[in-house]
Amino acid sequence: MSVQTKVVSRNTTRILGSRSLLLPGLVVGVVVLVGGVLWSITLGAADITPDTVYAALFNFDSTSFQHLIIQTVRLPRVLTGVIVGASLAVAGAIMQGLTRNPLADSGILGINSGASFAVVMGVFLLGNPPLSLYAILAFIGAGLASGLVYMLGAMGRGGATPLKLTLAGVILSAFISSFTTAILIGDQETLDKIRFWTAGSLAGRDMALLTQTAPYMLAGLAGAFFISRQITTISLGEDVAKGLGQQTGWVKVLAAVVVVMLAGGAVSLAGPIGFVGLVVPHVVRFMVGVDYRWVVPYSAVLGGILVTVADVGARVIIRPQELPVGVVMAIVGAPFFIWLARWKVKR
Amino acid sequence: MTGLYANELTLAYDDASIIHNLRLAIPMGQVTALVGPNGCGKSTLLRGISRLLKPKHGTVILDGQDIWKLPTKELAKRLGILPQSPVAPEGLTVHELVAQGRYPHQSWLQQWSAEDERVTQEALAITHIEDFADRPVDTLSGGQRQRAWIAMTLAQDSEVILLDEPTTFLDLAYQIDVLDLLYELNRQRKKTIVMVVHDLNHACRYADYLVAVKEGQIAAQGIPSEVVTERLVREVFGVECLIIPDPVTATPLVVPVGRTGKTQPKETVYKADERPDEAEREIA
């Protein structure tokens, strides 16, 4: 007990203790993100110098093979990584605040597996659905899964407690994933089409897919920022928030819509990448505290950085082969999750 | 018509009725204590009065208006509620917590104002926690933490403050500290305080008005010195007791008889060579 108290009190000191550091800190984060994006673009099978990268981005020459690689392969991939990372991290932050559950993220609450199941089901039933349908299917799957988890978690007296929600999410996630696996085992064709995708991958993403889905996710990010002040209040507990005059029902509905747009969009683009939504908000709260007006933008930037760096790792660790980025995230995320479960979950 | 009233109030979880057809008038400008055994419905009654629980039947009227027909923020400006043992998110500082009390006074257009900061600082000062303003709430002692939550409710600047067991899980010193603070808020700041209290003696000492709840009904209500009798304690709590005047405040002091009280007084049990403090330790 005394050990735990010590750890908790040490962790509550913020890195950015003064409010005047918050905005400059965010600017630094954006600079690091842009740097990471450029670094990622220079890496790949073909050797391309930073000069050429610059030229390809700002002075595109359609006759240059290197320029084509950058514009059609590397740029869509890295931009997909950024928006997927930002979306998963912000979705995790919103869910952790809303449910007061430090273990909440779209993976653990079953939303990612719901979205993946819907996509796999769509590919299985429709053969080769247009890319634009991936996003729609993922949104439907994410929405249904989050609704089911909330219903299961809210059953019985005491309502949707953090523990019951987590259990419901884990159970539903395992349940749905087994169906996803069953389809993939039974149907070679579906498996071949999306095998890499189900592990969470940024490989082979093109600009068309990104421009189909990104608007939903950008809207989700804007929505998250819009409700961030409300999330801070409801994170004190629903009774306290109601007592302060908050219409908590509306806040929960808006937050759920935002989370489904962010997590569903991310899954349709990159498959179920776990742990981003879990890890990033914790690191962010450690830096800036629990005011969600800052937690949300910082989570977006750090989530973008994390997935960009993890994707670089996915490409270089076993060169010239490539790991799915979801696997790299799991290697980083699993130990963090254990540490979190060990020290932070008090109830 | 000013005041806080419950009219034919029926409260239920799912289908299990907890409070049935209850009428209550909360005296404004006073300290009211809701007492009763576990499960009698006193906390549920408080949730009903504070709009945390929608009544199955009946109404709660504040200053002539049904609280369920008031805009939520409008009600929050007039009536604050501190639930039982609230938990602050890890890392939230005392100042940030207290500042949340200004929520009903803010909107999309009008966010943090100089008035909000002034009221927040005042709430920190009244509860004597200015020195901890930048500390995370979860690093404070139980008593300081409860002061921070009360400060948040104060920053809400409502005339009425409802509290569900504000002293539960606190050491005795902190219990008295919190009750003294609430008493001061009533006497000096004219707040109407309604609290669910576990300890009948605390209720007798600090409340102007006492409401005893048994099985979802009001068993008795009134000034503690008139209401709290040996018969009432037996009927509501199922405890035999003596009632003597509190030697400090002259309010009723409930002394339970229990099984130990029916045997002979302790002193006569000691053998001559035994030291009384050792004997006491054995009994404990």
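Position numbers for residues start from 1 in each chain and track the written sequence from start to end. Here chains are named by letter from A upward and ligands by number from 1 upward, in the order in which they appear as written. Residue-level local features of this predicted model are given only where pLDDT is at least 70; pairs of side-chain atoms are given and counted only at 80 or more, and the full residue set underlies all totals for whole chains, interfaces and linings. Here the side-chain values reflect all heavy atoms present in the structure, with hydrogen atoms and water set aside.

### Regarding the interface of chain B and chain A
Whether two residues are in contact is decided by their heavy atoms: any pair within 4.5 Å suffices. Tallying the contact residues gives 32 residues for chain B and 25 residues for chain A. Buried area between chain B and chain A, summed over both chains or domains, comes out near 2,600 Å², and the portion from carbon and sulfur atoms is 56%. The term salt bridge refers to a pairing of a side-chain nitrogen on Lys or Arg with a carboxyl oxygen on Asp or Glu at a separation within 4 Å. Viewed at the interface, chain A and chain B are joined by 1 salt bridge. Between Asp 239 of chain A and Arg 47 of chain B there is a salt bridge, with its nearest N and O atoms 2.7 Å apart. We define a polar contact as two N or O atoms separated by no more than 3.5 Å, with the added condition that, inside protein, one atom must be a possible hydrogen donor and the other a possible acceptor, whereas residues neighbouring each other in sequence contribute only through side-chain atom pairs. In this assembly, chain B and chain A are joined by 7 residue pairs in polar contact (both at pLDDT 80 or more). Only DSSP runs of H or I with at least four residues qualify as helices, and only runs of E with at least two residues qualify as strands; both kinds are numbered from the N terminus onward. Of all elements in the fold, only helix 2 (72-78), strand 6 (79-82), helix 3 (94-100) and helix 5 (142-155) of chain B reach the threshold of two or more residues within the side of chain B that touches chain A. We define buried area as the total accessible area lost by two parts upon association, computed with a 1.4 Å probe and summed across both.

### Side note on the pairing of strand 9 (residues 209-214) of chain B
Residues and elements named next belong to chain B. Burial analysis of strand 9 places 5 of its 6 residues in the buried class, the great majority of the element. Strand pairing is defined by DSSP finding a minimum of two bridges between the two strands. In this sheet, strand 9 lies alongside strand 3 (residues 31-35) in parallel orientation, the contact comprising 4 bridges. By the bridge assignment for strand 9, Val 35 is matched with Ala 212. Across 5 bridges, strand 9 lies against strand 10 (residues 217-222) in antiparallel orientation. If you follow Val 213 over to strand 10, its bridge partner there is Ile 218. Accessibility here uses a 1.4 Å probe with only protein chains present; expressed as a share of the type maximum, an area under 20% marks a residue as buried, one over 50% as exposed, and anything in between as partly exposed.

### What about the confidence of the model for chain A?
Residues and elements named next belong to chain A. Known as pLDDT, the predictor's confidence for each residue is given on a scale from 0 to 100. Per-residue pLDDT for chain A has a mean of 85; in total, 93% of the residues score no lower than 70. In the model of chain A, helix 1 (residues 2-11) stands out as the element of lowest mean pLDDT, 34, in contrast to helix 10 (residues 228-234), which has the highest, 95. For the stretch residues 1-12, pLDDT sits under 50, and the model shows 17 contacts to residues farther than four places along the chain or on other chains.

### Structural notes on the confidence of the model for chain B
Confidence in the prediction of chain B, expressed as mean pLDDT, is 89, and 91% of residues score 70 or more. In the model, residues 278-284 of chain B has pLDDT below 50 throughout and makes 5 contacts with residues more than four positions away in sequence or in other chains.

### Some words on the pattern of salt bridges
Side-chain pairs of opposite charge can arise where the charged atoms are in close proximity. All names here are of chain A. All told, the structure shown has 18 salt bridges over all chains when counted by the stated rule. Across the salt bridge formed by Asp 311 and Arg 77, the nearest N and O atoms sit 2.7 Å from each other. A residue pair is termed long-range when its members are at least 10 positions apart, and Asp 311 in helix 14 (residues 292-316) and Arg 77 in helix 4 (residues 65-99) qualify at 234 residues. Taken as a pair, Asp 311 and Arg 77 share a single burial class, namely buried. Here the salt bridges share partners, and the residues they tie into one network are Arg 77, Asp 311, Arg 315 and Glu 322.

### Details of helix 6 (residues 131-154) of chain A
All names here are of chain A. Taking 1.5 Å as the rise per residue, helix 6 with 24 residues should run 34 Å; its terminal C-alpha atoms sit 35 Å apart, in good agreement. Residues of helix 6 that are buried: Tyr 134, Ala 135, Leu 137, Ala 138, Phe 139, Gly 141, Ala 142, Ala 145, Val 149 and Gly 153. Taken from the residues just after helix 6, Gly 156 is the one with a positive phi, measuring 80°. Residue count minus one, scaled by 1.5 Å, sets the expected span of a helix.

### Overview of the sheet that holds strand 5 (residues 65-66) of chain B
All names here are of chain B. Strands sit in the order 2-1-4-5 across an open sheet of 4 strands; the sheet is antiparallel. Either end of the sheet is taken by a strand with one partner, and the two such strands are strand 2 (16-26) and strand 5. Looking at chain direction, strand 4 (residues 57-62) and strand 5 are connected through 2 bridges and run antiparallel. Among the inter-strand pairings, Leu 62 is bridged to a residue of strand 5, identified as Gln 65. Lines are fitted to the C-alpha atoms to define the axes, a helix being fitted only along its stretch in contact, and any angle between axes, read from their N-to-C directions, falls within 0 to 180 degrees. Its contacts with the sheet place helix 1 (residues 42-49) against strand 1 (4-13), strand 2 and strand 4, and it is angled at close to 120° to strand 1.

### Focus: the sheet that holds strand 10 of chain B
Paired through backbone hydrogen bonds, the strands of a sheet run either parallel or antiparallel to each other. Residues and elements named next belong to chain B. Read across the open sheet, the 6 strands follow the order 6-7-8-3-9-10; overall the sheet is mixed. The open sheet terminates on both sides in strands that have one partner only, identified here as strand 6 and strand 10. Taking each pair of neighbouring strands and ignoring which way they run, the sheet shows an average axis angle of 15°. Alignment of strand 7 (residues 160-164) against strand 8 (residues 192-196), held across 5 bridges, turns out to be parallel. Opposite Ile 161, over in strand 8, you have Ile 193 as the bridge partner.

### Examining the state of the cysteines
Residues and elements named next belong to chain B. Two cysteine sulfurs form what is called a disulfide whenever their separation falls within 2.5 Å. Taken as a whole and judged by the stated rule, the model has 0 disulfides over all chains. Free cysteine Cys 40: the closest other cysteine sulfur is in Cys 204, separated by 15 Å. Sulfur of Cys 204: no disulfide; nearest cysteine sulfur belongs to Cys 241 and is 9.8 Å away. What makes Cys 204 buried here is its relative accessible area of 1%.

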